[in-house]
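Remarks on the overall topology
Listed here are the chains, written in short residue letters.
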Amino acid sequence: MRALFALAVRAFPRAFRERFGAGMLDVMLADYDLARARGRARACAFVVATVLDALVEGVWERIAPAWMDPEARARARRWQVKAMLEAWKRDFAFAVRSLSRAPGFTLVVVVTLALAIGANTAIFSVVKAVLLEPLPFPNADRLVHIGGTAPGMDLREGLGVPDELYFEYGESVPALEDLGLYGTGSSTTRVEDQVEQLFFTRATPSFFTTLGARPLLGRLPTEEDDDRVVVLSHWLWQTWFGSDPGVVGRSYTFARETRTVIGVMGPEFRFPDERVAFWIAWPLRAAQVTPGGFGPSVVARMAPGTEIAGLVAQLQPLARRVQERLGGPAPYVRIMERHRPIVEPLREHLVGKVARPLWILMGAVGIIFLIACMNVANLFAVRAESRRRDLAVRRALGAGRGGLVRSQMAEALLLAAGGGIGGALIAWAGVPLLVHAAPDAVAGGFRSAPIPGLAAAGLDTTVLLFNAGASLVAACAFGLVPALRSSGAGLLASLRQSGRGVIGQSTLARDALVVVQIASAVVLLVGSALLVRSFWQLSRVDPGFDTEGIFTFQVAPDREFADRASLSRFQYAFMDRLAAIPGVESVGFITLLPLDEGADQSFVTTPRLEASGAEAPLVRHAGAGGAYFQTMGIELLSGRYFERVEEERGIPNVIISKSAAELLYPGEDPLGQQLRPVAASGDTWYTVIGVVEDVLLDDLRRESPEPMVYLPAVAGSPAYVVKSARADRLAPEVRAVIREVIPESPMYRVFTMERLAANAMASLSFTMLMLIIAATLALVLGAVGLYGVLSYRVARRAPEIGVRIALGAEGRAVRRMVVMQGGRVALVGVVVGVIAALGLTRFIETLLFGVQPLDAETFAGTSIVMVAVALLASYIPALRASRVDPVVALRAE
Amino acid sequence: MSDNQAPAPLSSLEYHVLLALASGPLYGYALKEAIVEESGGALRPRAGSLYRVLARLMGWGLVEEAAPAKPAEPHPGLERKYYALTRHGWDALRQEAARLREAAVLAERRLGLAADKA
């Protein structure tokens, strides 16, 4: 019985046993004697209870020690900390020495990690600045943007909220705490001798209260202000007014009219985006509103606790109610009947379409990080393997397992720190490049806006913490597992083994690492291949006009013209000067340029439609003048172009696009037919004099062209188009002409059509470029990983291969054997990667154009590329294997 | 150090260990017997539990190893260790006793009231 009790006492930790073990045993035995005296059953129960008690208490003592006298405890703690610091110091010093003896290994690991950590840090800094940083408004989570749509009507998305509906929202929606109306534009602004085309926002006083804005200087507009007052942006105040606080109260020409500065905003207030130079007060009163227009945007603050779905439900019935009360033109009524509010969180509205590409990039660099860690883990495992005997000797000499793990982790931490510092440097250099290369948040000319917050991306404390965290995770990922494995059970066994190359059980684990690497590379390859194909398809889209050799700009004359004819004469004189520039072939203008400002839209009707009472269709329209169609290369299908006299006098003739002809006059000859806009007062009918090819107006992704009507125009500030082989170098000469003809006027929105077409693809090309870089990196890292594993295996199997060769195996057979091994691993990786890609490509579906996310050719092509690269990576170790000299290999035993 | 301080109130086993040692230094088995007796048989600690409580009280500085009050009887086997209260141990016992007395007074008063009503 004593032995049993002694065994139970062993549940206690040694320190406790040494102190109290004898006493416990004493008590147990004394009690046992008593219990036995009272019968067998008593004795049995006593033994069971006593042993259980000792086991439970013993285990508890191990978890939460009760025993340790205070001095010993403090001493132990001091000693432990000190000893640990000493040990780490020793291990780090040792790691520095041993790494400096392996400069190749060190360099490869640090560079791999620096690339991976740098890419992650850079993308994270952008994600943080754009997606994670809260908007600079109080309680920004309750701010929403309200727009509208009318399903079933062929309208462009983002219909806006009509003024009267805005007032209805304000009056009868309890879920809205506050809401403001705003619209943006650009116009000539003149302060003393400085003249420029600037962006501005027209905003109701409630716009400022909704956003919780406070001015830096002066005050904000109130309901009493008219539109003769402006609030300056911080940047305009700094650059144009030299941060002069005395500017408040002075008047200048803002947006063509004299307005008084009443306040200056702080640098953090940049709404709707950082280009806005000033805000003009918009005194909108419910009584003045006439139904019929959809233009501006609504920003609103939801009451606390309101859900977006709930808000939508409250807004939904109001459009119909307003329309029933106020009426309006027929097409407007039809839209209002179908009007549906679209409510988005303000950030989502501002960040728009960049959120998805950014998260895709974050995912891609995350995969790169994973691959890099695996590569380094592989290198580490090989290194640990080769030091197995060394570690075993240290273990045999009394080093604890913790010590062995620590000494290997010291190397991992040092390398990760190197990688982290390198990564921070890469990010520091790379973020500005990234910011520069990034596309606009909203692509497409006039509506385009920079990604909000992007300019603020950079290395700050959070980003550096992320960088440090990533480095630490990397160190654990590639250091800890090999360290634990090579210090654990079976280590001593390797002492007993000879150096004979037995392939360890770690082969499987290492193959699995390579499989994951290759699979990740395949995912990135498929993604980037799909984007490349989309880019290719998109760049081959025919927009209906030439994109090459066309220079475009806008300019507003510096004087008012008495009538249409004199403005037209001025424009023709100006265009003649432009045409005289050497190398210029033709010059024209349009009120709204495709891919930049798109075009207006209106309901038009024809005599036949009016007679039948059918719905008037919606068409796009713009005013054209000069040699617009010839310059843009828009083909004339029938009829003729405008003549100068038609523009001068505003003769009601129109040129329509092919699809407009098919829509308005199906099966008829459109020439000589008539049409008129529904909303227009009076009954001027326009006569069709020509039909031209369709063009894409807003972006290149539109599948079917929109019907378009061109009117003969004169316009104050149209977009001029100039055809010249030197389109990209024409700006200085055009500027010189402007300085001569209209010296006071700024030239703005200066582009080539080529640039506008590229802009329309910017979001795609940016994501594509980033994914290509990521995929290439992944491909290389994956190949290097496979190469490393095979090289290692060939080296370990050299004796066995030597025997084979000595027994007459041919070099070719040996090569085939090794390549097949690599090929098998690669094939498994490709299969896993393809399966993963099948699930993941839907994340880039919205970016794709003309190619399906599960495009079989792309999947097959990338798989072949990956297998080919893998075989190539296997061939070098295979070549080495076939050159094994049996004599050398066997002598090494 | 905070983990070296005795919590208030003590557990009943902790209290009874202090209470038993207040009669003078005791060795393990004698301590156990005293606890069983003084608790009226409510507490019958087994060896593991008893020694862990003892270890904890020593850790808090309430109990220490000591020489026996009178020369030990001859005992076969290992030399017995005796345990005694430290100065802090006496204080802790006093405090705990006062706390229990207050609680008991309160309980009696309420029971008395209840009895009056009945």
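Each value, and the rule that gives it
Per-chain numbering applies: the sequence of each chain, read as written, is numbered from 1 onward. Ligands are numbered from 1 and chains lettered from A, in the order in which they are written. Restriction of local features to residues with pLDDT of at least 70 applies here, the model being predicted, together with a cutoff of 80 or more for giving and counting side-chain atom pairs; totals for whole chains, interfaces and linings are based on all residues. Strands here mean DSSP runs of E at least two residues long; helices mean DSSP runs of H or I at least four residues long; both are numbered from the N terminus. Each residue is classified by how many other C-beta atoms fall within 10 Å of its C-beta atom, where C-beta atoms are placed from the backbone; a count of 20 or more means buried, 12 or fewer means exposed, and values in between mean partly exposed. Any two residues are considered in contact once their C-beta atoms, placed from the backbone, lie within 7 Å. Charged means Asp, Glu, Lys or Arg here, nonpolar means Ala, Val, Leu, Ile, Met, Phe, Trp, Tyr, Cys or Pro, and polar covers whatever is left, Gly included. By our criterion, buried Ala, Val, Leu, Ile, Met, Phe, Trp, Tyr and Cys residues that link up through C-beta atoms within 7 Å make up a nonpolar core. Every residue is assigned a pLDDT by the predictor, reflecting its confidence on a scale from 0 to 100. One less than the residue count of a helix, multiplied by 1.5 Å, gives the span that helix is expected to have. One axis fitted to the seven residues ending at a residue, another fitted to the seven starting there: the angle between these axes is the bend at that residue. Only strands that DSSP links by at least two bridges are regarded as paired with each other. Lines fitted to C-alpha atoms define the axes, with helix axes restricted to the stretch in contact, and inter-axis angles between N-to-C directions lie between 0 and 180 degrees. For any helix crossing, the convention is left-handed if the near helix is rotated counterclockwise from the far helix by under a right angle, and right-handed if that rotation is clockwise.

What follows concerns the overall build of chain B. Within chain B one finds four helices and three strands. Each helix and strand of chain B, ordered N terminal to C terminal, gives the series α-β-α-α-β-β-α. Here chain B holds 118 residues, and 32% of them are scored as buried. A separation threshold of at least 6 residues defines the contact pool for chain B, and within that pool the share at least 24 residues apart is 60%.

Below, the discussion takes up the interface of chain B and chain A. How big an interface is tends to be stated in terms of accessible area lost as the parts join. Taken together, the contact pairs 18 residues of chain B with 21 residues of chain A. Breaking the side of chain B that touches chain A down by element, the ones donating at least two residues are helix H2 (28-38) and helix H3 (47-59) of chain B. If you tally residues by element for the side of chain B that touches chain A, the top one is H3 of chain B, at 10 residues. Per-class residue counts for the side of chain B that touches chain A are seven nonpolar, six polar and five charged.

Take the nonpolar core next. Generally speaking, soluble globular proteins have nonpolar side chains that are buried together. Of all hydrophobic cores here, the largest spans 236 residues; its most connected members are Leu113, Ile368 and Ala778 of chain A. Ignoring anything within four residues of it in the chain, the contact list for Ala778 of chain A reads Ile367, Ile368, Ile371, Ser520, Ala521 and Leu524 of chain A. Core analysis: the next-biggest nonpolar cluster, separate from the first, contains 38 residues, Phe12 of chain A together with Leu31, Val63 and Tyr83 of chain B among them.

Right, let's get into the confidence of the model for chain B. Across chain B, pLDDT averages 82, with 79% of residues at or above 70. For this predicted complex, the interface confidence score (ipTM) comes to 0.84, while the overall pTM stands at 0.65.

Across its 24 residues, helix H2 (residues 14-37) of chain A extends 33 Å between first and last C-alpha, which sits within 8% of the 34 Å expected from 1.5 Å per residue. The axis of H2 of chain A is deflected most strongly, by about 60°, at Phe20 of chain A. Of all the positions in H2 of chain A, only Phe16, Phe20, Gly23, Met24, Leu25, Asp26, Val27 and Met28 of chain A are classed as buried. Each element contacted by the buried residues of H2 of chain A is listed here: helix H1 (2-9) and helix H3 (40-63) of chain A together with H2 and H3 of chain B. In the segment just after H2 of chain A, Gly39 of chain A is the residue with positive phi, at about 120°.

Another point: the sheet that holds strand E1 (residues 26-27) of chain B. Residue and element names in this part refer to chain B. Read from one edge of the open sheet, three strands run E1-E3-E2, paired in antiparallel fashion. Two strands lie at the open edges of the sheet, namely E1 and strand E2 (63-66), each paired on one side alone. Pairing analysis gives two bridges linking E1 to strand E3 (residues 82-85), with the strands arranged antiparallel. Bridge assignment links Leu26 to a residue of E3, and that residue is Tyr83.

With respect to the helices and strands, Phe12 of chain A occurs in the loop between H1 and H2. With 45 residues separating them in the primary sequence, Phe12 of chain A and Glu57 of chain A have C-alpha atoms 7.5 Å apart.

Turning our eyes to something else, we now look at the packing of helix H6 (residues 163-172) of chain A against helix H10 (residues 318-326) of chain A. Residues and elements named next belong to chain A. Contact geometry for H6 and H10: axes closest at 10 Å, N-to-C directions at 115°. At the point where H6 passes H10, the crossing takes the right-handed sense. Note on element contacts: H10 touches H6 through Leu318, Ala319, Val322 and Leu326, opposite Glu164, Leu165, Glu168, Tyr169 and Ser172. Among the residues making up the contact of H6 with H10, the classes are represented as six nonpolar, one polar and two charged.

Residues and elements named next belong to chain A. Geometrically, the link from Phe271 to Pro272 is a cis peptide bond, its omega value of 0° lying close to zero. Look at Asn139: it is not a glycine, yet its phi comes out positive at around 50°. Tracing the backbone through its elements, the reader meets Asn139 in the loop between helix H5 (103-132) and strand E1 (143-149). According to the C-beta neighbour criterion, Asn139 is partly exposed, with 13 such atoms within 10 Å. Even without glycine at this site, Ser243 takes up a positive phi of about 55°. Here Ser243 is to be found in the loop between helix H8 (234-241) and strand E6 (251-254).

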